Amino acid sequence: DGGITQSPKYLFRKEGQNVTLSCEQNLNHDAMYWYRQDPGQGLRLIYYSQIVNDFQKGDIAEGYSVSREKKESFPLTVTSAQKNPTAFYLCASRDRDSTGELFFGEGSRLTVL
Amino acid sequence: QQPVQSPQAVILREGEDAVINCSSSKALYSVHWYRQKHGEAPVFLMILLKGGEQKGHDKISASFNEKKQQSSLYLTASQLSYSGTYFCGTERDLNSGGYQKVTFGTGTKLQVIP
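Just so it is clear, the model here is predicted, and its values are computed rather than measured. Here the residue index of a chain counts from 1 through its sequence in written order. For naming, the first written chain is A and the first written ligand is 1, with later ones following in the order written. The predicted origin of the model limits local features to residues at a pLDDT of at least 70 and limits the giving and counting of side-chain atom pairs to 80 or more, whereas totals for whole chains, interfaces and linings rest on all residues. Side-chain numbers here rest on the full set of heavy atoms in the structure, without hydrogens or water.

Topic: the sheet that holds strand E8 (residues 76-78) of chain A
Residue and element names in this part refer to chain A.
Inference 1: Strands were regarded as paired on the criterion that DSSP finds at least two bridges between them. Helical segments are the DSSP runs of H or I of at least four residues, strand segments are the runs of E of at least two, and each set is numbered from the N terminus. Spatially, E1-E3-E8-E7 is the arrangement adopted by the four strands of the open sheet, whose pairing is antiparallel. Two strands close off the open sheet at either side, each with one partner strand: strand E1 (4-7) and strand E7 (64-66). Averaged over all pairs of adjacent strands, the angle between strand axes in this sheet comes to 20°, irrespective of strand direction.
Inference 2: Where E1 lies against strand E3 (residues 19-25), four bridges are found, and the strand directions are antiparallel. Within the sheet, the bridge partner assigned to Ile 4 lies in E3 and is Gln 25. The angle between two axes is taken between their N-to-C directions and runs from 0 to 180 degrees, where each axis is a line fitted to C-alpha atoms and a helix contributes only its stretch in contact.

Section: the state of the cysteines
Inference 1: For this text, the term disulfide refers to a pair of cysteine sulfurs within 2.5 Å. Under the defined criterion, the tally for this structure stands at two disulfides over all chains.
Inference 2: Note that Cys23(A) is cross-linked by a disulfide to Cys91(A), the S-S spacing being 1.9 Å. Note on the Cys23(A) and Cys91(A) pair: the S-S dihedral is about -75°, so by sign convention the disulfide is left-handed. Of this pair, Cys23(A) sits in strand E3 while Cys91(A) sits in strand E9 (residues 87-94), placing them 68 residues apart in sequence.
Inference 3: Only protein chains enter the accessibility calculation, which uses a 1.4 Å probe; a residue whose area is less than 20% of its type maximum is buried, one above 50% is exposed, and one in between is partly exposed. With relative accessibility at 0%, the residue Cys23(A) sits in the buried group.
Inference 4: The side chain of Cys22(B) participates in a disulfide bridge whose partner is Cys88(B); the two sulfur atoms lie 2.1 Å from each other. The S-S bond linking Cys22(B) to Cys88(B) shows a torsion near 70°; that makes this disulfide right-handed. Residue Cys22(B) is located in strand E3 (residues 18-23), and its partner Cys88(B) is located in strand E9 (residues 84-92); the two are separated by 66 residues in the primary sequence.

Things to note about the packing of aromatic side chains
Two aromatic rings are characterised by how far apart their centres lie and by the angle between their planes.
Inference 1: For this analysis, a ring pair means two rings from Phe, Tyr or Trp (six-membered ring only for Trp) whose centres lie within 6.5 Å, classed as stacked if their planes differ by under 30 degrees, edge-to-face if by over 60, and tilted for the remaining angles. Going through the model one piece at a time under the given rule, you end up with ten aromatic pairs over all chains.
Inference 2: When the ring of Phe104(A) is compared with that of Tyr34(B), the centres are 5.6 Å apart and the planes differ by 90°; the resulting orientation is edge-to-face. In this pair, Phe104(A) is assigned in strand E10 (residues 103-104) and Tyr34(B) in strand E4 (residues 28-36), connecting two distinct chains.
Inference 3: Accessibility expressed as a relative area gives 12% for Phe104(A), which makes it buried.
Inference 4: Residue classification places Tyr34(B) among the buried residues on the basis of a relative accessible area of 0%.
Inference 5: With a centroid separation of 5.7 Å and 65° between ring planes, the pair formed by Tyr34(B) and Phe44(B) is classed as edge-to-face. Separated by ten residues along the polypeptide, Tyr34(B) in strand E4 and Phe44(B) in strand E5 (residues 43-49) bring together distant segments of the chain.
Inference 6: Taken together, Tyr33(A), Tyr35(A), Tyr48(A), Phe104(A), Tyr34(B), Phe44(B) and Phe104(B) form an aromatic cluster joined through their ring pairs.
Inference 7: Residue placement shows Arg68(A) over the ring face of Phe74(A); its charged tip is 5.9 Å from the ring centre. In this scheme, Lys NZ or Arg CZ marks a charge over a ring once it lies within 6 Å of the ring centre and within 35 degrees of the ring normal.

Quick notes on unusual backbone geometry
Inference 1: Here the amide bond leading from Ser7(A) into Pro8(A) is cis, since omega sits at -10°, within 30 degrees of zero.
Inference 2: With respect to the helices and strands, the residue Pro8(A) is situated in the loop between E1 and strand E2 (10-13).
Inference 3: A positive phi angle, near 65°, is found at Asn53(A), a position not held by glycine.
Inference 4: Structurally, Asn53(A) is set in the loop between strand E5 (43-51) and strand E6 (54-57).
Inference 5: We note that Gln69(B) has phi near 55°; this positive angle belongs to a residue other than glycine.
Inference 6: Considering the arrangement of structural elements, one finds Gln69(B) in the loop between strand E7 (60-65) and strand E8 (70-75).
Inference 7: Overall, Gln69(B) belongs to the buried group, its relative accessible area being 13%.

This is the structure:
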């Protein structure tokens, strides 16, 4: 079955540690996105990538980094510079040749202790 | 710029109708609508493109007024399963081709009660 896989689903880290969230898709989609969700604030865009080896900052990129070395993979690193990293992180992808909808993964919940 | 959604929350009895609005101060290429249940990923409902259109999906439909850069989601004869948070996502019309970023509103929490 095609889809987007995020891992891990739950992650606990100590303050000051970098963490990397995985996002893999087998939908052959060109574009991939990372969103952060906090209670009552909706989804805020962190980074997005239109094509392999290219990505753009979203609205809240500070303290995060990404790479897009392969079409199917778009990992997100939450660095120690991110002041409040505890949140629900959602990865999504889309294909221009379809309806244009975003296909979301199941999310990763990061808690920094 | 984040689109503005209204209302922030609404409670309906089964069978009642609701309208959720989404507006932007910028020219839009598309408006997306998603529903999210607590702790789950958002689920796609529909997408509307510039040119002004309406779409229907069972008892859920939406419209996009390009002149006003506003979209409305219409939920008719609501069911318990309609409960959740509804988000609109907007994509600006930049005439630059390629994929643009999709920016979401803060959501409308809908609760349907028996």
